[in-house]
Amino acid sequence: MMTKVFAGAVLGCLLVLVGEARGAGRVEVVNNQPFAVYQPVRIRGINAEVGNADGKRQGVGDDLVILADVGVGQTQNANITGAEGSKWQLVVEADGEGIGMKLNGKDLGTLAWDVVVERVTKTQAEYVSTKRKFNESFKAMPLKFEKSKTGELLDTWTAKGEKDGVALAFEVNAFHAGFLDANVTFTNKSAPTKNVYAAVVCRWEQTAADRHELRTVNYNNEVLPLGAGKSTPFREGTERHLYVMRGTDWIKTPLQGGGTAAWLNDFTPSFTVHKEKTAKQPARWVGANTAQLGQEAQVSKNALYSITEIARPNIKSYRSRLDDNVLPQHGEDPLTISSRLILSSGVMTDEQVDQAFVAMTGYRHQEPTKEGIRYSIGVPYTKFGTNYFPYSTLGENFINLRIPGMSKEGYWPLAPETVNQWKLFADDIKRDLRILKAMGFEISRLHHLELIWDKDPKTNKPYVEEAKRWQYLDFYFGELKALGLKALLDVKLTPAETAELVARYRPQVEGVEIDNEVVLFMIPDGDVQYWKDVYEAVKKVAPEIPVHLTGHTNTGAFARLVKLGVPFDKVGAHAYMDAVEAIPSSRDYGLAVADYASSLNKEPVITEWNWRFLTRMSFEDRAKVYPPIFENVLKTKCMPTMYQFQFQDSLAMNPAGLKGMRRYEQILLSRRPKPEAFEMMKLITKYASPNHPNRQLDVPVLDVEADGEGKAELKFSVTDIGDEILALNARVETPAGVMVESDAQRMTLGPKGTWFVPVKVSLAKDAKPGFYHVFVRIEGPKELLRYGWGIVRKAGPPEMDREVSEKSKVKYEDGALDFDLNRPVTVVYAKDCTPMELESAWTIFITLESATGRVVEIAEDDQEPATVEGRAKIIVKSAKGEAAGGAVKRLGSDELVITGEKPEDVAMAAMDFALRYWKNAKDSAARRVGLTEQSSGKSGVKTDLE
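Residues numbered from 1 in each chain as written. Predicted model: local features only at pLDDT ≥ 70, side-chain atom pairs only at ≥ 80, totals over all residues. Heavy atoms only, no water.

Caption draft 1: Structural context of the overall build of the chain. Looking only at helices and strands, one finds 20 helices and 51 strands in the chain. Its C-alpha atoms give the chain a radius of gyration of 30 Å, near enough to 30 Å, the size a compact globule of 946 residues would have. A principal-axis box enclosing the C-alpha atoms of the chain has dimensions of 90 × 70 × 55 Å. Split into buried and exposed, the 946 residues of the chain put 62% on the buried side. (Helix = DSSP H or I, 4+ residues; strand = E, 2+ residues; numbered from the N terminus. Rg over C-alpha atoms; globule rule 2.2 N^0.38 Å. Buried < 20%, exposed > 50% of the residue type's maximum accessible area, 1.4 Å probe, protein only.)

Okay, here's the thing in structure tokens:
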């Protein structure tokens with residue numbers, strides 16, 4: 001019976017002692033999952049010749065295989081067989097074509113395999129659906145399975161076969177307690193390598209008496225019925241995210257008499273193919289077909305067909321990074337397709353099958369201990385990071401006007417004057433890092449840090465002089481140290497320069513991520529040696545600092561790196577959810593990377609994660625769908641470290657080139673938190689380490705409006721939400737121009753106790769309207785450091801430039817520049833507007849809020865009237881017959897229209913209007929370092945290495 005060990009879902013860290021392995025000492029299995037785990041576990045590379053008469057363990061080659069049964073509440077001496085009564089439950093027999101299975105004498109049907117290899121024409125290759133009637137074409141390969149090993153825990157069956165130029169080799173490990181692990185290797189011996197569709201099909205002929213009408217399938221984290229005649233979706237639809245998914249996670253069939261058969265698919269990475277140099281591309285390795293081998297399923301009568309698609313088409317938008325309808329070259333290493341059957345005489349729910357799938361494919365890590373080996377299933381907690389890189393994101397670009405020296409258009413430019421004149425921006429950076437700390441982030445990822453080494457392509461002179469660069473970085477890393485934060489260096493510099501960075505800031509360096517996302521698209525031949533050299537250089541100065549590269553879920557790129565001899569310490573991943581419908585699949589993105597990393601016994605790491613294309617949703621609606629984007633990964637306990645991208649809203653990118661798909665930052669330009677920020681803080685408190693300051697002290701964010709004299713009072717509440725008595729002290733930190741009165745305070749706080757820290761705030765008399773941020777630094781025992789965050793808003797009219805040049809292309813109608821902005825305002829855009837109009841509306845929205853000290857809203861024109869009722873409106877939209885070059889019109893006292901004949905006209909009018917108040921605003925970079933006139937289209941360079 002298996003029912004007992006799959007039941008229950010109780011949080012905890014469970015330690016099971018599974019005996020002594022000669023040469024290894026004590027082997028511990030640690031379960032960090034919120035449910036009991038019962039599954040085979042393979043301990044790699046130890047002397048496995050140990051006694052196994054009790055069926056608890058068995059040597060397989062150089063490894064030790066155990067059947068771990070980590071029950072809820074158990075800490076030692078667990079029953080690791082999980083068998084009630086006889087352990088001889090599952091029996092496997094060869095049947096001439098495949099294998100037959102029986103559980104406690106009950107017939108469970110037979111498994112047989114086939115290979116599909118079909119030529120496709122170019123026209124067919126454009127058609128992405130691969131759904132067909134596999135049952136009609138299935139012809140079982142004649143496979144002679146032989147028992148190659150017999151043991152108390154498991155028997156091993158092997159077979160080989162060839163068809164249509166493809167060789168398949170089978171290793172089936174049949175655990176007597178009811179698991180059957182099948183590993184099928186696929187080798188292309190003589191089949192075509194281009195313009196081909198190929199799949200491995202397994203047919204499971206189940207018994208007629210089983211309850212096929214109740215069969216369910218988990219397809220990319222969504223449970224669907226899979227009764228007679230049904231198929232999985234085969235990526236039907238036009239949405240981009242469908243073609244990143246791998247498909248079937250598991251299939252559950254209830255058996256006659258109350259038993260259960262569950263088929264679990266491992267994540268099988270796709271492979272890479274080599275491309276020769278072209279006029280536009282270097283010689284390189286690219287991903288084949290898709291990131292993971294596709295897993296689909298069909299049912300015909302009593303037969304279940306599990307289809308693993310090796311070569312298949314993809315949609316056009318992915319063909320820049322993938323080569324579709326291809327097979328591995330002849331002689332390439334084989335692909336290994338792994339799956340597991342759980343055959344239980346007890347009832348398993350969908351939830352229990354899903355838990356088994358997560359335990360099998362999620363984080364598994366083996367590490368030495370003083371006593372022997374510890375094997376962890378799931379991570380105990382997650383470290384949280386965000387992407388904050390002020391040398392870019394404090395810059396400003398208003399299409400034809402931007403701060404001097406902006407290195408390029410698009411994502412992500414260097415704003416050199418924010419570095420050269422960094423003291424003018426020091427308070428901004430201090431503020432942002434304290435907000436980051438208060439929210440609970442532990443790491444700041446310095447995205448494209450090589451930017452501050454950039455050179456002007458015209459003069460070849462560096463935008464930032466070396467002395468200024470080091471002053472800037474010394475300041476930044478000094479702030480990190482003071483706040484107990486670390487930095488991940490996302491950088492592409494020479495090996496010597498990278499090593500110099502690491503050596504200089506070693507205590508604050510979390511790791512090195514080489515050459516952002518390069519293996520997501522390709523592995524250039526010319527970069528391989530560079531990656532090796534960077535790794536070696538970093539390890540020479542700091543052996544403990546991890547170095548890694550990053551892709552999407554295309555873990556086959558890492559398999560290629562291994563073959564090329566490129567060392568890396570972690571398997572990095574970036575992914576974005578491109579639609580609400582894509583959100584469930586975020587779980588599989590995380591599990592796929594964790595599964596592959598676990599096969600190498602390395603840590604997975606996500607350094608960019610968020611949504612895209614949800615910008616037009618209201619903040620409230622986005623906040624509702626936001627938690628699952630992260631929690632689908634976090635609750636699987638598969639990710640040791642996870643970074644949100646990106647931290648704060650920015651004016652750095654040219655709005656004319658944006659696509660209306662990002663605006664996913666936690667913090668607005670005013671540094672007011674979006675609703676998503678509060679959801680992120682909840683997730684951090686839930687999933688971070690128990691020693692995380694936000695899990696020990698709760699300090700809610702405060703938001704108050706100053707009175708007419710610029711005075712306000714913040715009353716920070718500090719609650720001990722842990723289990724310890726804490727001796728605390730607090731002090732207040734503010735930017736220049738903000739005066740506070742607060743007694744230096746100390747307090748001993750017991751569990752559930754609350755301590756109030758009142759702070760009286762006075763803004764300078766000449767303080768501009770805007771958002772002012774006040775922090776309370778709370779220190780406690782064991783290096784406890786928690787920050788409280790308070791916002792004081794000074795509302796007021798922005799300083800408006802009302803002079804309109806005769807040469808101006810933007811027309812201002814009477815009274816437009818006298819429109820009252822010192823009141824509640826909603827910026828409105830049309831539901832069907834272009835991305836350029838949407839980005840123009842966002843520029844008005846974020847700058848106006850920051851410049852007025854008032855909470856501004858943004859909404860589509862078809863949203864509920866209550867959203868905009870009682871507020872002044874600024875409408876941003878194009879219309880036929882409006883002025884070429886753009887216009888700003890006032891419609892009565894409560895509506896202002898920013899318009900033009902074309903979206904480009906609207907954008908120019910929006911930029912002109914925003915700059916009239918923004919260049920005088922409190923948070924403006926333009927006010928501090930000025931603006932230069934420059935036409936758009938400058939591409940610039942990324943680094944001097946390219």
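Additional details are given in the paragraphs that follow.
Caption draft 2: Spotlight on the pairing of strand β39 (residues 726-733). Inspection of the sheet shows β39 paired to strand β41 (residues 745-749) by five bridges, in the antiparallel sense. Looking at β41, one finds that asparagine 729 is bridged to arginine 746. With five bridges connecting them, β39 and strand β43 (residues 770-779) associate as antiparallel partners. By the bridge assignment, alanine 730 is partnered in β43 with isoleucine 778. (Pairing = 2+ DSSP bridges.)

Caption draft 3: Structural context of helix α11 (residues 528-541). The end-to-end C-alpha distance of α11 is 21 Å, a good match for the 20 Å that 14 residues give at a rise of 1.5 Å each. Each element contacted by the buried residues of α11 is listed here: α9 (495-504), β30 (509-514), α10 (518-521), β31 (523-524), β32 (547-551) and α12 (556-564). (Expected span 1.5 Å × (residues − 1). Contact = heavy atoms within 4.5 Å.)

Caption draft 4: Examining the pattern of salt bridges more closely. On inspection of all chains with the given rule, the structure shows 71 salt bridges. In this structure, arginine 364 engages aspartate 595 in a salt bridge whose closest nitrogen and oxygen atoms are separated by 2.9 Å. With arginine 364 in strand β24 (residues 364-368) and aspartate 595 in helix α13 (residues 586-599), this residue pair connects regions lying 231 residues apart in the sequence. Arginine 364 gets classed as buried once you look at its relative accessible area, which sits at 14%. Lysine 492 is the salt-bridge partner of aspartate 515, the closest N and O atoms lying 3.4 Å from each other. In this pair, aspartate 515 sits in the loop between β30 and α10 while lysine 492 sits in the loop between β29 (486-491) and α9, placing the two residues 23 residues apart along the sequence. For the pair aspartate 515 and lysine 492, a shared accessibility class is recorded, and that class is buried. A cluster of three or more residues bridged by salt bridges with shared partners is formed by Asp428, Arg431, Asp432, Arg671, Lys922, Asp923 and Arg928. (Salt bridge = Lys/Arg side-chain N within 4 Å of Asp/Glu carboxyl O.)

Caption draft 5: Broad picture of the sheet that holds strand β7 (residues 99-103). Reading across from one edge, β6-β7-β8-β13-β21-β20 is the order of the six strands in this open sheet, with antiparallel pairing throughout. One side of each edge strand has no neighbouring strand; the edge strands of this open sheet are β6 (90-94) and β20 (294-300). For this sheet, the mean inter-axis angle between neighbouring strands, taken without regard to orientation, is 20°. Two strands pair when backbone bridges link them, and strand β13 (residues 196-205) and strand β21 (residues 303-311) are joined in this way by eight bridges, in the antiparallel orientation. Counted as the bridge partner of alanine 199 is glutamate 309 from β21. (Axes fitted to C-alpha atoms, helices over the stretch in contact; angles between N-to-C directions.)

Caption draft 6: Here's a closer look at the packing of helix α14 (residues 619-634) against helix α15 (residues 675-687). Relative to each other, α14 and α15 sit at 25°, their axes nearing to 8 Å. In terms of orientation, α14 lies roughly parallel with respect to α15. In the packing of α14 onto α15, the handedness of the crossing is right-handed. Taking contact as the criterion, the partners of Phe619, Arg622, Ala623, Tyr626, Pro627, Phe630, Glu631 and Leu634 in α14 are, on α15, Pro675, Glu676, Glu679, Met680, Leu683, Lys686 and Tyr687. Tallied by class, residues from the contact of α14 with α15 come to 10 nonpolar, no polar and five charged. (Parallel < 35°, antiparallel > 145°, perpendicular 65-115°, else oblique. Left-handed = near helix turned anticlockwise from the far one by under 90°. Nonpolar A, V, L, I, M, F, W, Y, C, P; charged D, E, K, R; others polar.)

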